[in-house]
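For reference, the chains in residue letters:
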Amino acid sequence: MSSKSEDAKSVAKSDAPKNASRRKFLAGAATVAGGAAATVAMPQVSRAQTKTLKMQSSWSASDIFQEMAQQYADRVEKMSGGRLKVDLLPSGAVVQAFQVQDACHDGVLDGAHTVTAYWYGKDKAASLFGTGPVFGANASQILAWIHFGGGKDMYRELVQDKLGLNVVGFFAMPMPTQPLGWFKTQIKSADDMKGLKYRTVGLATDIMQGMGLSVTQLPGGEIVPALERGVIEAFEFNNPTSDSRFGAQDVSKVYMMGSYHQAAEFFEIIFNKDLYESLPAEQQAILEYGAEAANTANYGLAMDNYSRDLQKLINEDGVNVYRTPTSVMEAQLVSWDTVLDTLMQDEFFKKVVDSQRAWSERVAFYDLMNTADYKLAYEHYFPGKLGF
């Protein structure tokens, strides 16, 4: 054997451990790469079990509020990949509009889409989370107070600690200011309202009674029948779309817009607490943050429909639309002061009002100092349309 052959064999022998090590490394790398590829290719499927929740609203099947509740239900299902479904029912399907909270507490319903003013009879502080006093902040800013100003914790304290209710709740949709309502003749002063039999709900009941009206609380579906029977003579519900869908324009032709009785309301979305806490954390989060997702959808739907239906009321239904006089709204503020003086003797009620007032002083100051004069711009481009 030549010395060259011996040298080659010697080199190959000495390199064998290195080659084996290299082959082992490459094989391991391939395994890791293959595993990574498999991980990337594997669809990210929720591990939670599919769950269907029975939810009832406080709204009729034809009310735009039911469409807004459905927007929430749709977003919950899509965000959960179909593993969390909401079977949404209209008012009356299981219980009446004002009874949904009790049904959730008892477990008759899994959830409900409603407003706090519908159960303020249990504690008037409930109305502060939707139809409270106006210190200069609008609905969007008070909804911000719920999320960032302590309102969420106070709501939980009221519902669970003070009232002992087996429910959890979230809020959605900062509602535009609710009109003063529908009347037989134009309201030119607060005196024109005295003695009227009027429908509203929540603390607005106290405010209007303080202005000399006789107030009845009714769900939306009972308003027109009550008007036809003479139980009420004037009423407010919420907005041009909801009002026109239940036929307000057929029984009244005077629509007064602008008011402090309900200028910062939102939807309350509630669930039975035991059921909610039994759900996986990811599904709890979807139910909670689905309310935030519904905000934009609800508000966009509202702006499109409310504005269109107001024009229809004017141009097709012969409704006379007027801006509520400043003197009437000033009288509302005076009535609010009187009502608050009495109700703030309750420690919890006072705590909530003080918190909202401090928040409004800071937040509304920023907004009012900074916001463009939209009325000025509107009149520049559409002169003479507003009429006030």
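These figures come from a predicted structure and were not determined experimentally.

## Quick notes on the overall build of the protein
Item 1. The helix and strand inventory of the protein stands at 14 helices and eleven strands.
Item 2. In the protein, which comprises 388 residues, the proportion classed as buried is 47%.
Item 3. For the protein, contacts bridging at least 24 residues in sequence account for 79% of all contacts bridging at least 6.
Item 4. Counting only carbon and sulfur atoms, one obtains 53% of the accessible surface of the protein, whose full area is about 19,200 Å².

## Description of the environment of Phe267
Item 1. Topologically, Phe267 is positioned in strand β10 (residues 267–272).
Item 2. Judged by relative accessible area, Phe267 falls into the buried class, the value being 0%.
Item 3. In sequence terms Phe267 and Gly130 are 137 residues apart; their C-alpha atoms lie 7.9 Å from each other.

## A look at the layout of surface pockets
Item 1. Reported here for the largest pocket is a volume of approximately 2,100 Å³.
Item 2. Forming the boundary of the largest pocket are 45 residues, of which Thr177, Met257, Arg323, Leu386 and Phe388 lie nearest the centre.
Item 3. At seven residues, helix α11 (residues 281–315) tops the list of elements feeding residues into the lining of the largest pocket.
Item 4. Partitioning the lining of the largest pocket into residue classes produces 25 nonpolar, 15 polar and five charged.

## A short note on empty space enclosed by the protein
Item 1. Scanning the model with the defined rule gives three cavities of 30 Å³ or more in all.
Item 2. What the largest cavity holds in volume is close to 80 Å³.
Item 3. Forming the boundary of the largest cavity are 13 residues, of which Tyr118, Gln178, Phe237, Asn238 and Glu265 lie nearest the centre.
Item 4. Grouping the amino acids of the lining of the largest cavity by side-chain chemistry returns seven nonpolar, three polar and three charged.
Item 5. In this structure, the second largest cavity occupies an estimated 40 Å³ of space.
Item 6. Forming the walls of the second largest cavity are Leu128, Gly130, Gly132, Pro133, Ile142, Ala264 and Gln356.
Item 7. The residue inventory of the lining of the second largest cavity, partitioned by class, reads four nonpolar, three polar and no charged.

## Let's talk about the sheet that holds β10
Sheets are built from strands that pair by backbone hydrogen bonding, the pairs being arranged parallel or antiparallel.
Item 1. Read across the sheet, five strands follow the order β2-β1-β3-β10-β4 without closing on themselves; strand pairing throughout is mixed. The open sheet has two free edges, formed respectively by β2 (84–89) and β4 (167–172), since each of these has just one partner strand. The mean angle between the axes of side-by-side strands here comes to 25 degrees, regardless of whether they run parallel or antiparallel.
Item 2. Of the strands in this sheet, β1 (51–57), β2, β3 (111–114) and β10 touch helix α2 (residues 64–79), which is tilted by about 165 degrees from β2.

## Here we look at the packing of helix α5 (residues 151–162) against helix α13 (residues 347–370)
Item 1. α13 packs onto α5 with a crossing angle of 165 degrees between their chain directions and a minimal axis gap of 11 Å. Between α5 and α13, the crossing angle belongs to the class labelled roughly antiparallel. When you trace α5 past α13, the crossing you get is left-handed. Between α5 and α13, the contacting residues are Met154, Glu157, Leu158 and Lys162 on the first element and Phe348, Lys351, Val352 and Ser355 on the second.
Item 2. Class assignment for the residues of the contact of α5 with α13 results in four nonpolar, one polar and three charged.

## Points about the pattern of salt bridges
Item 1. This structure, assessed with the given rule, holds 15 salt bridges.
Item 2. The shortest N-O distance in the salt bridge between Lys312 and Asp317 comes to 3.5 Å.
Item 3. With relative accessibility at 35%, the residue Lys312 sits in the partly exposed group.
Item 4. Overlapping salt bridges bring together Asp123, Lys162 and Asp346 as one network.

Cut-offs applied
- Residue positions are counted from 1 within each chain, in the order its sequence is given.
- In keeping with the predicted nature of the model, local features appear solely for residues at pLDDT of at least 70, side-chain atom pairs appear and are counted solely at 80 or more, and the whole-chain, interface and lining totals rest on all residues.
- Values shown for side chains rest on all heavy atoms present in the structure; no hydrogens or waters enter the calculation.
- Under the DSSP-based scheme used, a helix requires at least four consecutive residues in state H or I and a strand at least two consecutive residues in state E, with every element numbered from the N terminus.
- For each residue, the accessible area found with a 1.4 Å probe, counting protein chains only, is set against the maximum for its type, and the residue is called buried under 20%, exposed over 50%, and partly exposed in between.
- For this analysis, residues touch if any pair of their heavy atoms sits within 4.5 Å.
- Where accessible areas are quoted, they stem from the Shrake-Rupley method and a 1.4 Å probe; at the residue level, only the protein chains shown are allowed to cover.
- Using protein atoms alone on a 1 Å grid, points that fit a 1.4 Å probe yet trap it form a cavity, whereas open point sets bounded by protein on both sides within 12 Å along at least five of seven lines form a pocket; residues with an atom within 4 Å of a point count as lining.
- Grid points are joined across faces, edges and corners, and a volume is the space filled by probe spheres set on the points.
- Side-chain classes are defined by residue name, with Ala, Val, Leu, Ile, Met, Phe, Trp, Tyr, Cys and Pro counting as nonpolar, Asp, Glu, Lys and Arg as charged, and the others, Gly among them, as polar.
- Any two strands with at least two DSSP-identified bridges between them are counted as paired.
- Every axis corresponds to a line fitted to the C-alpha atoms, with the helix fit spanning only the stretch in contact, and the corresponding angles, defined between N-to-C directions, vary from 0 to 180 degrees.
- We call two directions roughly parallel when the angle between them is under 35 degrees, roughly antiparallel when it is over 145, roughly perpendicular when it lies between 65 and 115, and oblique otherwise.
- If you view the pair so one helix is near and one far, a crossing is left-handed when the near helix is turned anticlockwise from the far one by less than a right angle, and right-handed when it is turned clockwise.
- The term salt bridge refers to a side-chain nitrogen of Lys or Arg lying within 4 Å of a carboxyl oxygen of Asp or Glu.

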